[in-house]
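An overview of the molecular structure
Here is what each chain is made of, one letter per residue.
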Amino acid sequence: MTTMTEPVTRRGPVVRMGHYDPKDRPFIVIWEVTRACALVCKHCRADAQHHAHPDQLTTEQGKALLSEIAGFGKPQPIVVLTGGDPFERADLAELVRYGTELGLAMSLSPSVTPKLTRERVREMHEAGGKAMSVSLDGAVSRTHDAFRGIDGTFDKTVEAAHMITEEGFRLQVNTTITNGNVRELPLLLKDVIGMTAKMWYLFFLVPTGRGAQLQALSPQDKEDVLHWLHDISDRIAIKTTEAPQYRRVALQRDALRQAGEPLPVRGELWQYLTDETTRLLGEAPEKPRMPRAPMAVNSGNGFAFIDHVGDVYPSGFLPFVCGNVKEQSFREIYRESPIMKQLREPDGFHGKCGACEFNEFCGGSRSHAYAVTGDMLASDPTCPWVPEGWNGPRP
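Here is a short report on the structure shown in this document. The shown structure was predicted, so the numbers you read here are calculated from the model rather than taken from an experiment. Within any chain, residue numbers begin from 1 and follow the written order of that chain's sequence. Per-residue local features are limited, in this predicted model, to residues with pLDDT of at least 70; the limit for side-chain atom pairs, both in listing and counting, is 80 or more; totals at the level of whole chains, interfaces and linings are taken over all residues. Computation of side-chain values covers all heavy atoms of the structure but excludes hydrogens and water.

For the rest of this paragraph, the subject is the environment of Arg257. Only runs of H or I of at least four residues qualify as helices and only runs of E of at least two qualify as strands under DSSP, and these elements are numbered from the N terminus. As for its position among the elements, Arg257 is in helix α8 (residues 245-259). According to the relative accessible area criterion, Arg257 is partly exposed, its value standing at 28%. Sequence separation between Arg257 and Gly323 is 66 residues; the distance between their C-alpha atoms is 45 Å. Polar contacts, as counted here, are pairs of nitrogen or oxygen atoms within 3.5 Å of one another; within protein the pair requires one atom able to donate a hydrogen and one able to accept it, and residues that are adjacent in sequence qualify only if both atoms are side-chain atoms. One polar contact links Arg257 to Asp254, side chain to side chain, over a distance of 2.7 Å. Burial classification: accessible surface area is computed with a 1.4 Å probe over protein chains only, and a residue below 20% of its type maximum counts as buried, one above 50% as exposed, and the rest as partly exposed.

In structure tokens:
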């Protein structure tokens, strides 16, 4: 049996808290510049929409929004333009250029469609775009193409990934994890490394929108995956979404390492992922990298989502409108919304999450809590950790 080992020894913090006050400004802002998209992805939060909504933010309204975001001052939030498919907007380069001129770090998350051409990617880079992501949700075409709803998308995604790096972008690969693809993760890791991606972004499925038909991982399997991700974080930078428990795992493992104690024995899924990784990539990387310390960001707490018509949400998976940028300052919405403020007080969360000794760093997935219980402040049902001294309900 393969044993669990720590990645290369870390220098610096195990979890980054950021050089900013999350009550004052977000670390990252996701702007859904359009809902239009040619794909029909099974896990998407949004309904299929092949044409732009007539009320989506105009170019001038978009520029006003970017000015608002830049107005937070330094350190300025990272801005990610997503969709739908942002490449459906003819003014996308203009928006990227304007945000760059304001000093914002502009990233893009396009869909792999015929609109993702080398010419347009080059245009975005010349406009100042720094990073671009593609989504790969299976290690083989059968799995990925079924996710995306169009045959041939897997091969086109691999081609697009190489083209994006050739045009000077930092490449990020996004993967949604479900029961249907979790055992492909080691082969996906090999694929992602082969694409020379700078980061692997793992999204743990929230059963909302079209994703409700897919099957999320059990709490124990999710824990196995998080430990495996920490194991392989010396191979590629890892980032998780809707799995803030990754930060708890990092802290727990570091505490054991500091104490000279062995890591806990994990389950069958961890063992499978570990054995497959060793088979495909060897026991350890030839040139191990310093693991990337995860950032303590959560819904409404260092994070905000703005949809195509200007509604502001604490997350794209929490259906609570906190205001609209056409009617109110985005800075005011982020700082003063009662919903945002509630989400920044983890001691006020219900159940285990409110009592957890890690809630300042983790806080649980508010989106999973809401999707399963209907209460955004509920304990995250996807987390198996039992806080010290907790006598209430257990997973």
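In this structure, the amide linkage connecting Lys74 to the following residue, Pro75, adopts the cis form with an omega of 0°. The linkage connecting Gly83 with the following residue, Gly84, adopts the cis geometry, with an omega of 25°. Tracing the backbone through its elements, the reader meets Gly84 in the loop between β2 (78-82) and α2 (92-101). You will see that Thr196, though not glycine, has its phi angle at about 60°, which is positive. Counting through the fold element by element, Thr196 comes out in the loop between α6 (185-194) and β6 (199-204). One non-glycine residue, Glu242, adopts positive backbone phi at about 60°. Within the secondary structure, Glu242 sits in the loop between β7 (237-241) and α8. Among the residues examined, Glu242 registers a relative accessible area of 10% and is labelled buried.

Axis angles are defined between N-to-C directions and span 0 to 180 degrees, where every axis is a line fitted to C-alpha atoms and, for a helix, only to the segment in contact. Running from N to C, helix α7 (residues 219-231) and helix α9 (residues 268-281) point in directions that differ by 30°, and their axes come no closer than 8 Å. When the axis of α7 is compared with that of α9, the two are roughly parallel. Helix-helix and strand crossings are classified by hand; for α7 and α9 the assignment is right-handed. For the pair α7 and α9, contact is made by Asp221, Asp224, Val225, His227, Trp228 and Asp231 and by Glu268, Leu269, Trp270, Leu273, Thr274 and Thr277, respectively. By the convention adopted, Pro, Cys, Tyr, Trp, Phe, Met, Ile, Leu, Val and Ala count as nonpolar, Lys, Arg, Asp and Glu as charged, and the other residues, Gly among them, as polar. Looking at side-chain class alone, the contact of α7 with α9 contains five nonpolar, three polar and four charged residues. An angle below 35 degrees is treated as roughly parallel, one above 145 as roughly antiparallel, one from 65 to 115 as roughly perpendicular, and anything else as oblique. Helix crossings get a hand from a simple test, with the near helix turned counterclockwise from the far one by less than a right angle marking a left-handed crossing and a clockwise turn marking a right-handed one. Should any heavy atoms of two residues lie within 4.5 Å, those residues are considered in contact.

Attention shifts here to the packing of aromatic side chains. Think of it this way: a Phe, Tyr or Trp ring, Trp meaning its six-membered ring, pairs with another when their centres are within 6.5 Å, and the plane angle makes it stacked under 30 degrees, edge-to-face over 60, tilted otherwise. A complete count under the given rule lists eight aromatic pairs for this structure. Between Tyr20 and Phe27, the aromatic rings sit 6.0 Å apart at their centres with planes inclined by 25°, giving stacked as the arrangement. With relative accessibility at 13%, the residue Tyr20 sits in the buried group. With a centroid separation of 6.1 Å and 70° between ring planes, the pair formed by Phe358 and Trp385 is classed as edge-to-face. Within this pair, whereas Phe358 is found in the loop between α12 (351-355) and α13 (366-373), its partner Trp385 is found in the segment after α13, the two being separated by 27 residues in sequence. These aromatic residues form a ring-pair network of at least three members: Phe72, Phe330 and Tyr334. Only Lys NZ and Arg CZ are tested; either one counts as a charge over a ring when it is within 6 Å of the ring centre and within 35 degrees of the ring normal. The aromatic ring of Tyr272 is capped on one face by Arg183, whose charged end is 4.8 Å from the ring centroid. Here the basic side chain of Arg344 rests over the ring of Tyr334, its NZ or CZ set 4.2 Å away from the ring centre.

Attention now goes to the pairing of strand β4 (residues 131-135). Burial runs high along β4: five of the five residues are buried. Side-chain alternation along β4 places Ala131, Ser133 and Ser135 on one buried face and Met132 and Val134 on a second face that is also buried. Two strands qualify as a pair provided that DSSP identifies no fewer than 2 bridges between them. Here strand β3 (residues 106-108) runs beside β4; their pairing, made up of two bridges, is parallel. Note on β4: the bridge partner recorded for Leu108 is Met132. With five bridges joining them, β4 and strand β5 (residues 170-177) adopt parallel strand pairing.

This paragraph deals with α9. One less than the residue count of a helix, multiplied by 1.5 Å, gives the span that helix is expected to have. The terminal C-alpha atoms of α9, which comprises 14 residues, lie 20 Å apart, in line with the 20 Å expected from a rise of 1.5 Å per residue. Among all positions in α9, only Leu269, Trp270, Gln271, Leu273, Thr274, Glu276, Thr277 and Leu280 are buried. Looking at the buried residues of α9, the elements they touch are α6 and α7. Residue Gly282 follows α9 closely and has a positive phi angle near 90°.

Before going further, it helps to examine the nonpolar core. We call a set of buried residues a nonpolar core when its members are Ala, Val, Leu, Ile, Met, Phe, Trp, Tyr or Cys and they connect through side-chain atoms within 4.5 Å of each other. Counting 77 residues, the largest nonpolar core has Leu185, Trp200, Val225, Leu229 and Phe330 as the members making the most contacts within it. A total of five residues in this core trace back to one element, the largest contributor, which is helix α5 (residues 153-166). Leaving out residues up to four positions away in the same chain, Val225 has contacts with Ile177, Val182, Leu185, Phe204, Leu217, Leu269 and Leu273. Judged by nonpolar contacts, the second largest core, of nine residues, contains Tyr20, Ile30, Met295 and Phe303.

The next thing to look at is the environment of Phe358. Exposure remark for Phe358: the relative accessible area of 14% places this residue in the buried category. Through-space distance from the C-alpha of Phe358 to that of Leu280 is 34 Å; in sequence the pair is 78 residues apart. For Phe358, the residues in contact, after removing those within four places along its chain, are Arg248, Leu251, Gln252, Gly363 and Trp385.

On to the packing of helix α1 (residues 59-70) against α2, then. Two quantities define a packed helix pair, namely the angle between the helix axes and the distance between the axes. Two numbers describe how α1 lies on α2: the axes approach to 10 Å, and their chain directions differ by 25°. Classified by the angle between their axes, α1 and α2 sit roughly parallel to one another. Between α1 and α2 lies a crossing of right-handed hand. Counting all contacts with α1, which are made through Thr59, Gly62, Lys63, Leu66 and Ser67, the residues of α2 involved are Glu94, Leu95, Tyr98 and Gly99. For the contact of α1 with α2, the class distribution of residues is three nonpolar, four polar and two charged.

With that out of the way, let us pick up the side chain of Lys222. Along the chain, the position of Lys222 falls in helix α7. Charge counting treats Lys and Arg as positive and Asp and Glu as negative, with His and both chain ends excluded. Every case where a carboxyl oxygen of Asp or Glu lies within 4 Å of a side-chain nitrogen of Lys or Arg is listed as a salt bridge. Asp380 provides the closest opposite charge to the buried, salt-bridge-free Lys222, at an N-O distance of 4.2 Å. Only 2.8 Å separates the side chain of Lys222 from the side chain of Thr382, close enough to count as a polar contact. Non-local contacts of Lys222, meaning those with residues more than four positions away in its chain, are made with Phe204, Leu217, Glu242, Ala243, Gln245, His368, Asp380 and Thr382.

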